[in-house]
Amino acid sequence: MITNLGPRHGASSHAGSSVDYSTERSSIIQAMPMKSLIIPMLLIGLPASLAAAPPRLVPEAPSLAPNYWCTWYAQNYWIGRGSDLKSLKGVTNAAARDELNEHTLFNPKDGWATTYLPNSRQDYIFLIDHGWQTKDPSKRIAGGPAFFNLVAEEEDFPRYAGLEPGELLKRFNEDIKAEGWNSLGIWTRGNITPDQARTFVEWSKDADIRYWKIDGGDTAAFYSYQAKQEIFPELVLEYVTGAGGNLNPKWDRDLPSYPSVYDFGGNLRKPMLRCLKNSDVFRTYDASPLLMTSTTLRRTHDILKQTQQQPEYQAVLNVQDDCNVAVGLGVLVASKRHPEMGERTYKGRDLHHQLSGPRTMQKRINEVDRFGRWARIAPAFPAGEGVYLSSETELIDRCQFTEWDTWASNTYGKMVSQSAPAVMARNMPLAVVDCDGPPPFVCTTTYPNGPTGIAVEGRVAPDQKWFEPRARITVRIKDASQPIGIVGHYESLTLEFAGELVGLEHVWAQDLLADEAVDIRSKIVTEGSRLVLPGKLLEQVGTAAGSEGDLSAPGLVIRLEGRELPVAGEDYLPEVSPAVEEARVAAQETKVDGYRGEATLRKVDGGYRVGSDGPRQWVLRKLDEPVTTGTVSFTWRMKPVGKSAKKNGFLLLASDEDANAALCGGAWLGANEITLFENDATWGNDESVEATFNEETEYRLEVDLDRREAKLSAAGKVIRTAFSESFTSISHVGFGVHHAETEFTTPVMK
């Protein structure tokens, strides 16, 4: 039994009401497939005075918060759609780009803009991701790199052929709005000049495009942000730094916690903090679908604990597609889930690296719908606004990954672990959790405009890759008159107010998808200042207007009505200060010049001698500043040493200190081959090119982080590779050897 994961000063929880809701679900909900009929049926049996005029707790006007639905996951799933893949080699970033076109967006049968999110698209920006811009450099009329020029590819979008960029974007935006979406958002990546930034912002202003997803780049001086502030402040700009891959570091170790790259000592902490000061939105980046919640919650925790109560951190966090925890944390979402399943397989099994696992996100579309409507009530707010608290207890999720679960091949067959605080809260005390088994993650927030959001989310274990534990949760509410959003599964939820509810008349409850509330006053227990909501009642109301067959967790809003509802005083909010960095103990012994790792290393004239008495060993040194965008090159020379049977050497460029997300370029010298590959469990099975080496050969490795492409040149030969979304930045550089000893010159980085 795990109890009181929240603060010890919090109120104890309650087991709930004596009413048996297992028999009450009844004819009322089970028989009604149409959501327009469900709420009136729920009113049967209530007094006429209450049934006559139930309130509407969700405003009719669509949300203006910059939440969006993004095409990227659909693009990936459309690769080889309708086939059984025999290999994963064709499932690449480049292939996904080619799936974004006029037909996939607008065809009436299964177009993404025409058929997805029919119940909530008015609350979401429709964002076209990687692949919409021209492939012809001569058509980039304002210049800019391949992925940041804002000129659409005419072959993919023939309806806009011949239009000037500003007019094209305007027509595109109008077509998206005509399908019922909030507006069009666009994806970019790369570095641009101040003049280009101004031009692109002016085009967006003319087209009324109000969202850019800048997926890497423009973070040296934030030219786009400067330009939009002057020309078109309504344009919302999202920046990222990457996250060192789709998992937080050290995922393959048995540790008490798994901090992210945004934590103190993390490779991307400083770039993250710069982005939060110079952008509107900061996205916590991609996470592996099996461990999406724990990975994302830990990144969010590592940010908020540092930025709280500091208004200069003005960006609002976007937590990708975890819509439920977003209710409980006051953040934005970039939903990418879609309903397609079984349309592309690999070895006979459905393959979707972005939506894999028994959580079955494809059947949880109502979670997206409900969050969009919640944002009408309580919009997300900046990372620097208000206070943030978290429990000392961390929950660890872990399971074994397979080739169906992720594009990160270095995880296949391995036990992968991630962690996050058990309880997180913004602008309110921590919830108290009482349960008889594994607890859920719990997030609560008092929003600046008054409402409270409460969310619980499921867990992952080695023998159960998704489960949703029910717990007895107690939450202290600041203002009893404000709406309270509740998502997830509970055994019971106890709301504790600042005083007794002596004047309570109604407790209105409404599925976030419904149009009217019902009074549940007679179905709950009130005990002085506490109101106890049974979990089965929350499920009954919170799924009442859901789509048939949808597996989404319940989501509802309640509002109390009565006389002199209590409001907490100044003592409601705990006193807390932003976290400060503490001294850190190095996990590995530093060898020479800041290099760490398993391989042996000693200095020699002009460089280093690196040795290994086993397979795949390396040493890495942290760069002063990580490289997150653009093109970078490394030049070095190397030669074998001694009489070892194996002769090889590799330069490693890594996104993390353990090289879990890394690129390896070098040579199998004994076999006369150069090779270039992403780091994985085995070396030697990757593509190679024959070459003849001198005693000491020069190598040049060029990496384009925006195109996700790399090229290695040596001994007059060239080898190229495209790398995955796991490798998104270069924070460490080092040397690797495999049962060998090799001398390397110091790499020159340009």
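Everything numeric here is computed off the predicted structure, so don't read it as measured data.

Enquirer: I'd like to hear about the sheet that holds strand β12 (residues 349-350), residue by residue, with values.
Expert: A sheet is described by the order of its strands in space; here three strands give the open sequence β3-β11-β12, paired in mixed fashion. Each having just a single partner strand, β3 (84-85) and β12 make up the two edges of the open sheet. With two bridges connecting them, strand β11 (residues 345-346) and β12 associate as antiparallel partners. Each residue of the ladder has a partner; that of threonine 345, found in β12, is aspartate 350.

Enquirer: How would you sum up the pairing of strand β22 (residues 472-476)? Please name residues and give values.
Expert: Counting buried residues in β22 gives four out of five residues, a clear majority hidden from the surface. Pairing of strand β17 (residues 432-435) with β22 involves three bridges; the strand directions are antiparallel. Looking across to β22, one finds that aspartate 434 is bridged to arginine 472. Across five bridges, the pairing between β22 and strand β24 (residues 492-496) is parallel. In the strand pairing of β24, arginine 476 is matched with glutamate 496.

Enquirer: Describe the environment of glutamate 678, listing the residues and the values that go with them.
Expert: Checked against the element boundaries, glutamate 678 lands in strand β37 (residues 673-678). Accessibility expressed as a relative area gives 23% for glutamate 678, which makes it partly exposed. When the C-alpha positions of glutamate 678 and alanine 662 are compared, they lie 5.8 Å apart, and in sequence the two are 16 residues distant. Once you skip the residues sitting within four places of it in the chain, glutamate 678 turns out to touch Ala662, Leu663, Phe723, Ser724, Ser726 and Phe727.

Enquirer: So, the side chain of histidine 738: which residues are in play, and what are the values?
Expert: Residue placement: histidine 738 occurs in the loop between β42 (730-737) and β43 (741-745). Given the relative accessible area of 13%, histidine 738 is considered buried. For histidine 738, the residues in contact, after removing those within four places along its chain, are Gly614, Pro615, Arg616, Lys646, Asn648, Trp668 and Trp683.

Enquirer: Give a detailed account of the packing of aromatic side chains, specifying residues and quantitative values.
Expert: Across all of its chains, the model carries 31 aromatic pairs by this definition. Residues tyrosine 346 and tryptophan 404 carry aromatic rings whose centres are separated by 5.4 Å and whose planes lie at 50° to one another, so their mutual orientation is tilted. Of the two residues, tyrosine 346 sits in strand β11 while tryptophan 404 sits in the loop between β14 (394-400) and β15 (415-421), which places them 58 residues apart along the sequence. An aromatic cluster is built from Trp618, Phe650, Trp668, Phe677 and Trp683, whose rings are joined through pairwise contacts. Stacked on the ring of phenylalanine 106, the Lys or Arg arginine 159 has its end atom at 4.1 Å from the ring centre.

Enquirer: Give me the sheet that holds strand β25 (residues 504-511): which residues, what numbers.
Expert: Strand order across the open sheet formed by eight strands is β13-β16-β18-β19-β23-β29-β25-β26, with mixed pairing between neighbours. Among the strands making up the open sheet, the edge pair consists of β13 (388-390) and β26 (518-519). Here helix α14 (residues 365-377) sits on the sheet and contacts β19 (452-457), β23 (484-487), β25 and β29 (555-562); the angle it forms with β29, its principal contact strand, is near 30°.

Enquirer: Describe in detail the packing of helix α9 (residues 194-207) against helix α10 (residues 223-231), supporting the description with residues and values.
Expert: At a closest axis distance of 8 Å, the pairing of α9 and α10 adopts a crossing angle of 45°. Overall, the two elements α9 and α10 adopt an arrangement that is oblique. Of the two possible hands of crossing, α9 and α10 adopt the one that is right-handed. Counted together, Pro194, Ala197, Arg198, Val201, Glu202 and Lys205 of α9 and Tyr223, Ser224, Ala227, Lys228, Glu230 and Ile231 of α10 form the full contact between these two elements.

Enquirer: Could you give me a rundown of helix α12 (residues 292-307), with the residues and numbers involved?
Expert: The terminal C-alpha atoms of α12 lie 23 Å apart, and with 16 residues this matches the ideal 22 Å at 1.5 Å per residue to within 8%. Burial analysis of α12 places 16 of its 16 residues in the buried class, which makes it a mostly covered element. At the exit of α12 stands glutamine 309, carrying a positive phi of roughly 60°.

Enquirer: Talk me through the confidence of the model for the protein; I want residue IDs and the actual numbers.
Expert: Confidence in the prediction for the protein averages 91 pLDDT; 92% of positions are at 70 or higher. For residues 1-52, every residue scores under 50 in pLDDT, and the model assigns this stretch 94 contacts once sequence neighbours within four places are set aside.

Enquirer: Explain the nonpolar core to me, and be specific about the residues and the numbers.
Expert: Grouped together as the largest cluster of nonpolar side chains are 165 residues, with contacts concentrated most on Trp212 and Leu495. Among the elements that line this core, the one with the most residues is α14, at six residues. Excluding residues that lie within four positions of it along the chain, leucine 495 makes contacts with Ile454, Val475, Ile477, Ile484, Ser529, Arg530, Leu531, Leu533 and Ile558. If you look at the next biggest cluster of nonpolar residues, it comprises 37 residues, including Val627, Leu651, Leu663 and Phe693.

Cut-offs used in this document
- Residues numbered from 1 in each chain as written.
- Predicted model: local features only at pLDDT ≥ 70, side-chain atom pairs only at ≥ 80, totals over all residues.
- Heavy atoms only, no water.
- Pairing = 2+ DSSP bridges.
- Helix = DSSP H or I, 4+ residues; strand = E, 2+ residues; numbered from the N terminus.
- Buried < 20%, exposed > 50% of the residue type's maximum accessible area, 1.4 Å probe, protein only.
- Contact = heavy atoms within 4.5 Å.
- Phe/Tyr/Trp six-rings, centres within 6.5 Å; stacked < 30°, edge-to-face > 60°.
- Lys NZ or Arg CZ within 6 Å of the ring centre and 35° of its normal.
- Axes fitted to C-alpha atoms, helices over the stretch in contact; angles between N-to-C directions.
- Parallel < 35°, antiparallel > 145°, perpendicular 65-115°, else oblique.
- Left-handed = near helix turned anticlockwise from the far one by under 90°.
- Expected span 1.5 Å × (residues − 1).
- pLDDT = per-residue confidence, 0-100.
- Core = buried A, V, L, I, M, F, W, Y, C linked by side-chain atoms within 4.5 Å.

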